[in-house]
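Each chain, written out:
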Amino acid sequence: MQDLTESQRAGDPPPAQVDLEALVAERTRDLTKALEQKTALLHEVDHRVKNNLQLISSLLLLQNRRVTDPAVKASLRGILERVSAIATVHRRLFQSDDVERFDVSAFVRDLVSDMMGTSGREDIRVRLDLERVDVAAAKAAPLALVISELFSNALRHAFPPGHGGEIFVGISRDDTEFRIEIADNGVGLAQPTTASGFGLTIVQLLCQQLKARNETSSADPGVRVVIHLPVNGAH
Ligand SMILES: Nc1ncnc2c1ncn2[C@@H]1O[C@H](COP(=O)(O)OP(=O)(O)O)[C@@H](O)[C@H]1O
Ligand SMILES: [Mg+2]
């Protein structure tokens, strides 16, 4: 009896340490609770953004069904495609472990499978060579829109009905820049090149915003566009 009490006493931490442990435990509880609240809030925001994007898409679809003018229909379809690219960006960001980094190659895989799925063009093959490249979340939507416009152009303009071919998307990086290439072996740009439409205007504007350089050249046959995004500008 005597011995047990002695050893218990010997094992007791000094009073100051007890206080410290209690404090740490309390602080840990507070922090855990705060983190849980933040996580719940993030899920809530994710949900609301997703629902709102879905709502916008539905409105565009409904409006598209009501109009008959082919030019208006094409514009609405274009906007629908852009909203859908933004929704894919959002899904990619919120599904990943890191909401602040955007995996460009993963996005490209999603985009290509979505667009090829809706195109119904089984005569067009897609070849991908994608290195893992992460950019800051703030750059995600503009970069995704640029890629979406260029891929959609290759899909829509390079191959007239009955003439299939290949679209290539490559992403790589070196010490100074990320390089995003979208090339097709289709009909090529009309010569002399006519004034660009809304899609290519968006590409120019967003590249300026991203401080990226874009080069369009003949892929012989077809069109090749390369986007050079400075690595520093990507963060
Ligand atoms: N990959 C391509 N192959 C052939 N022509 C293209 C390609 N990309 C763009 N073009 C031509 O450039 C034009 C302008 O493209 P864009 O500005 O995206 O407008 P839109 O796609 O709405 O016509 C297209 O209408 C098309 O004639
Ligand atoms: Mg276009």
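Above this text you will find the structure in question.
This is a predicted model, so every value here is computed, not measured.

Basis of the calculations
Residues numbered from 1 in each chain as written. Chains lettered and ligands numbered in written order. Predicted model: local features only at pLDDT ≥ 70, side-chain atom pairs only at ≥ 80, totals over all residues. Heavy atoms only, no water. Helix = DSSP H or I, 4+ residues; strand = E, 2+ residues; numbered from the N terminus. Rg over C-alpha atoms; globule rule 2.2 N^0.38 Å. Buried < 20%, exposed > 50% of the residue type's maximum accessible area, 1.4 Å probe, protein only. Contact = heavy atoms within 4.5 Å. Lys, Arg positive; Asp, Glu negative; His and termini not counted. Charge placed at Lys NZ, Arg CZ, Asp CG, Glu CD. Near = heavy atom within 4 Å. Areas by Shrake-Rupley, 256 points an atom, 1.4 Å probe, with all protein chains shown as cover. Nonpolar A, V, L, I, M, F, W, Y, C, P; charged D, E, K, R; others polar.

(A) Quick peek at the overall build of the chain. A tally of helices and strands in the chain yields six helices and seven strands. What you see in the chain, going N to C, is helices and strands ordered as α-α-α-β-α-β-β-α-β-β-α-β-β. For 235 residues, the compact-globule estimate of 2.2 N^0.38 gives 18 Å, and the C-alpha radius of gyration of the chain, at 26 Å, exceeds that figure by more than 25%. Counting only C-alpha atoms, the chain reaches 100 × 45 × 30 Å along its principal axes. In the chain, which comprises 235 residues, the proportion classed as buried is 36%. Intrachain contacts of the chain at a sequence separation of at least 6 include 70% that bridge at least 24 residues. Between the mean site of the 27 positive side-chain charges and the mean site of the 32 negative ones, the chain shows a separation of 8 Å.

(B) Structural context of the site of ligand 1. Around ligand 1, the structure places Asn 153, Ala 154, His 157, Ala 158, Asp 184, Gly 188, Leu 189, Gly 197, Phe 198, Gly 199, Leu 200 and Val 223. Protein burial of ligand 1: of its 540 Å² of free accessible surface, 72% is covered by the chains. When the residues that make up the shell around ligand 1 are grouped by side-chain class, the tally is six nonpolar, five polar and one charged.

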